[in-house]
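Structure at a glance
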Amino acid sequence: GPGMWADFLRFGTRVSVEEQIARNYHFSAPGMLINLGYAAANFSPSGAAAHGWWLVGVACGVGVIGMTYVVSLQYDRDPEAQFCLLTLAMLAVTLSTQGSYFVWLIFPVAVAVARVAANFSASRATCLALAIIAVNNLAPLEGAFLDHHLYLKIALNNIPLYGLLILGALFWSELRHR
């Protein structure tokens, strides 16, 4: 009943957030923000700071999903692009987005390829190619050098997230120009 949902909110979200910390195989904006915040404290933040970074990550996710719905409602003449943009937003801002979740990209990537082919330009084709390469770059980057440069390590291990953002920009552009 309702008590179980309260327990989930109290304990489940903590487990979900803790899975993000110092992991190189989660590719989401909230996870990246949380890790950057933790890196500022050498991955030992105070309880209040940890909670604050969790709130920043969740607020980022809620904000992006909200903005994506606003954009989708504002430019409502292209349901295919809306669906693709919402799928990309969901993947980019879920607290835990692992590489296996990218199976959901099959439709947005197929639509992007078809649209770039139909309205070809070198810049759009390059962006699409970079996005596809980025979302397939799932191998964690590790090593002594990166262990001493935590911000760089976090940035480089979020390359798939950048691919999601590039695809999102392509679909946002599609919505605006239809």
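This text follows the structure it describes.
Residues numbered from 1 in each chain as written. Predicted model: local features only at pLDDT ≥ 70, side-chain atom pairs only at ≥ 80, totals over all residues. Heavy atoms only, no water.

For N42, which is not a glycine, the phi torsion comes out positive at approximately 55°. Note on placement: N42 falls in the loop between α2 (29-40) and α3 (47-74). A relative accessible area of 56% places N42 in the exposed class. (Helix = DSSP H or I, 4+ residues; strand = E, 2+ residues; numbered from the N terminus. Buried < 20%, exposed > 50% of the residue type's maximum accessible area, 1.4 Å probe, protein only.)

Counted by the stated rule, this structure contains five salt bridges. The partner of R115 in a salt bridge is E174, with the nearest N and O atoms 3.0 Å apart. Separated by 59 residues along the polypeptide, R115 in helix α5 (residues 106-118) and E174 in helix α9 (residues 159-176) bring together distant segments of the chain. Exposure remark for E174: the relative accessible area of 11% places this residue in the buried category. Salt bridges linked by common partners bring D78, E80, R115, R124 and E174 together as one network. (Salt bridge = Lys/Arg side-chain N within 4 Å of Asp/Glu carboxyl O.)

Before going further, it helps to spend a moment on the layout of surface pockets. Empty space among the atoms can be located by rolling a probe the size of a water molecule over them. The calculated volume of the largest pocket comes to roughly 280 Å³. V64, T68, L85, A89 and G168 are, among the 15 residues lining the largest pocket, the residues nearest its centre. Listed by contribution, the elements that provide at least two residues to the lining of the largest pocket are α3, α4 (79-93) and α9. Among the residues making up the lining of the largest pocket, the classes are represented as 13 nonpolar, two polar and no charged. (1 Å grid on protein atoms, 1.4 Å probe; cavity = no way out; pocket = protein on both sides within 12 Å on 5 of 7 lines; lining within 4 Å. Points joined across faces, edges and corners; volume = space filled by probe spheres on them. Nonpolar A, V, L, I, M, F, W, Y, C, P; charged D, E, K, R; others polar.)

A separate point is the environment of G52. Locating G52 in the fold gives a position in helix α3. Here the alpha-carbon distance between G52 and G37, two residues 15 residues apart in the chain, equals 9.0 Å.

Right, let's talk about the nonpolar core for a bit. Counting 30 residues, the largest nonpolar core has F102, L105, L164, L167 and F171 as the members making the most contacts within it. Beyond its immediate chain neighbours, meaning those up to four positions away, F102 contacts F27, L91, T97, V135, L138, P160 and L164. (Core = buried A, V, L, I, M, F, W, Y, C linked by side-chain atoms within 4.5 Å. Contact = heavy atoms within 4.5 Å.)

What follows covers the side chain of R115. Judged by its relative accessible area of 9%, R115 is buried. Within the structure, R115 has its side chain in polar contact with the side chain of E80 (distance 2.9 Å). In this view, R115 contacts D78, E80, A81, R124, E174 and R178; residues no more than four positions away in its chain are not counted. (Polar contact = N/O pair within 3.5 Å; in protein donor to acceptor, adjacent residues only side chain to side chain.)

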